[in-house]
Amino acid sequence: MERRKFLKNSSLTAAGLVSATTLASCKTETKSEAAAIAAIEPIKPIVVCTWNFLNATNKAWEVLSAGGNALDAVEQGVMVEEADVTNETVGKGGRPDRDGNVTLDACIMDKDGNCGSVVYLQNIAHPVSVARKVMEETPHIILAGKGAEKFAYEQGFKKEDLFTESTRKQYEEWLKTSKYETTINIENHDTIGMLAIDANGDIAGACTTSGMAYKVGGRVGDSPIIGAGLFIDNEVGGATATGVGEEVIRTVGSFLIVELMRQGKSPQEACEEGVKRIMKKNKGRKDFQIGFLAINKNGETGGYCVHPGFTYREYSEKGHENREVISFYE
Ligand code: ASP
């Protein structure tokens, strides 16, 4: 899906809501305000995800509203996008690397800090579920490439061609014009990072992507790196990222945001600081997009990005909407 579509689908009402959240969270909290926030009735269950992934949030909400746990909700939620071949940045139908290989990255993390991840996984449509198996069935956290693929077959996953007619055609066109150069773009960052709080108040998250289109073969981004593309701390909240993964890795972005929330920042303030850290390192360079999304233990959410265009979906009993992140760095 392209950014233009996200913009079209974002409602102005949602933008207003984000604006209100932002204003409320930008002031410095006094101790009594902090105590008042702590006393807020937590919003739960709730699910949020990067970008306008309607069907994914619907699925996660179906799990949560039926009393399911946050871990199952995020896994089943992001699987919807992994299976959607019209989404050319996640799972089956994701764009290949510059050598013509579709390689997928994903991770998952639960309320107890357990996590699993797969990087450079080929021929398997649901990397998030393989990541969950790594977490639950092995003593390891990350499996890569051929080893991850072999493990997936052992766990019963089937081999699939991840190319579609559309991505194959685009790749052939790219080969003609690109001179084999990987370019950083601002528009096409549609990784799905999902964070959920279940009825028990427990938090889990998942993140899955085909990574940067036409990346150098072997490249791994932030999405499957615990602490970079995703981090959960059940005492505090969770964070996830989309955009140029190299920049997120440099600041261990999602971990940073969760730690900032632990120190008292709201999700909105923490995301803003996360982006600012990245921009400081880049000394004025802005030719890339980053979108951070965070949730705290109370179910408050926030998002921030370098350039306009980032949106996130939120679903709780209060409603289901696509929120355009109207506060950004640029
Ligand atoms: N963060 C992903 C990566 O760098 C890409 C994206 O979000 O579009 O692999």
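Thresholds, definitions, all that
- Residues numbered from 1 in each chain as written.
- Predicted model: local features only at pLDDT ≥ 70, side-chain atom pairs only at ≥ 80, totals over all residues.
- Heavy atoms only, no water.
- Helix = DSSP H or I, 4+ residues; strand = E, 2+ residues; numbered from the N terminus.
- Buried < 20%, exposed > 50% of the residue type's maximum accessible area, 1.4 Å probe, protein only.
- Contact = heavy atoms within 4.5 Å.
- Areas by Shrake-Rupley, 256 points an atom, 1.4 Å probe, with all protein chains shown as cover.
- Axes fitted to C-alpha atoms, helices over the stretch in contact; angles between N-to-C directions.
- Parallel < 35°, antiparallel > 145°, perpendicular 65-115°, else oblique.
- Nonpolar A, V, L, I, M, F, W, Y, C, P; charged D, E, K, R; others polar.
- Pairing = 2+ DSSP bridges.
- UniProt positions renumbered as here; feature names shortened; annotations may be inferred.
- Salt bridge = Lys/Arg side-chain N within 4 Å of Asp/Glu carboxyl O.
- pLDDT = per-residue confidence, 0-100.

(A) Representation of the overall build of the protein chain within the structure. For the protein chain, the count of helices and strands is 11 helices and 12 strands. Here the protein chain, with 330 residues, has 57% of them falling under the buried criterion. A fraction of 67% describes how many contacts in the protein chain between residues 6 or more apart in sequence connect residues 24 or more apart. In the form shown here, the protein chain has an accessible surface area of approximately 13,500 Å², with 52% of it arising from carbon and sulfur atoms.

(B) Expanded view of the packing of helix α6 (residues 127-137) against helix α7 (residues 145-154). At their nearest, the axes of α6 and α7 sit 10 Å apart, and the two run at 80° to each other. The angle between α6 and α7 places the two elements in the roughly perpendicular class. Residues Val130, Lys133, Val134 and Glu137 of α6 form the contact with α7, whose participating residues are Ala148, Phe151 and Ala152. Residues belonging to the contact of α6 with α7 are distributed by class as follows: five nonpolar, no polar and two charged.

(C) Expanded view of the sheet that holds strand β8 (residues 237-243). As summarised here, the arrangement of the four strands in space is β7-β8-β9-β10, forming an open sheet in which the pairing is antiparallel. The open sheet is flanked by β7 (230-233) and β10 (301-305), the only strands paired with a single partner. When the angles between neighbouring strand axes are averaged without regard to direction, this sheet yields 10°. With seven bridges connecting them, β8 and strand β9 (residues 290-296) associate as antiparallel partners. In the strand pairing of β9, Thr242 is matched with Gly291.

(D) A look at the UniProt feature "active site" (unreviewed entry) in the protein chain. UniProt's entry tags Thr191 with the feature "active site" (unreviewed entry), counted in the numbering of this structure. Positionally, Thr191 belongs in the loop between α8 (165-177) and β5 (192-197). Overall, Thr191 belongs to the buried group, its relative accessible area being 9%. Ignoring sequence-local partners within four residues, the contact set of Thr191 consists of Thr50, Trp51, Phe53, Thr89, Val90, Cys207, Thr208, Thr209, Ser223, Ala241 and Thr242.

(E) Spatial organisation of the pattern of salt bridges. In total, this model carries 23 salt bridges according to the counting rule given. Arg262 is the salt-bridge partner of Glu259, the closest N and O atoms lying 3.1 Å from each other. Of the two residues, Glu259 and Arg262 both sit in helix α10 (residues 253-262), three residues apart, roughly one turn of that helix. Using a relative accessible area of 21% as the deciding quantity, one classes Glu259 as partly exposed. Taking relative accessible area as the criterion, Arg262 reaches 38% and is therefore assigned partly exposed. Salt-bridge contacts for Glu321 lead to Arg323; the nearest nitrogen and oxygen are separated by 3.0 Å. Like Glu321, the residue Arg323 is buried in the burial classification. Each of the salt bridges in this network shares a partner with another, and the network as a whole consists of Asp72, Glu75, Arg132 and Glu136.

(F) Structural view of the UniProt feature "binding site: substrate" (unreviewed entry) in the protein chain. Listed under "binding site: substrate" (unreviewed entry) in the UniProt record, and renumbered for this structure, are Arg219, Val220, Gly221, Asp222, Thr242, Gly243, Val244 and Gly245. Checked against the element boundaries, Gly243 lands in strand β8. On the basis of relative accessible area, Gly243 is assigned to the buried category, the value being 12%. One can find Val244 in the loop between β8 and α9 (245-250).

(G) Local environment of the confidence of the model for the protein chain. Scored by pLDDT, the protein chain comes out at a mean of 88, with 86% of its residues at no less than 70. Here residues 1-30 is modelled with pLDDT under 50, and outside its nearest four sequence neighbours on either side it reaches 56 contacts, counting other chains as well.

(H) Local environment of unusual backbone geometry. That bond from Lys44 to Pro45 is cis: its omega, -5°, falls within 30 degrees of zero. Here the phi dihedral of Trp51 falls at roughly 65°; this positive angle occurs in a residue that is not glycine. With respect to the helices, strands and loops of the structure, Trp51 is situated in the loop between β1 (46-50) and α4 (54-65). Trp51 gets classed as buried once you look at its relative accessible area, which sits at 1%. At Asn123, a residue that is not glycine, the phi angle is positive and equals roughly 70°. For Asn123, the location among the structural elements is in the loop between β3 (115-121) and α6.

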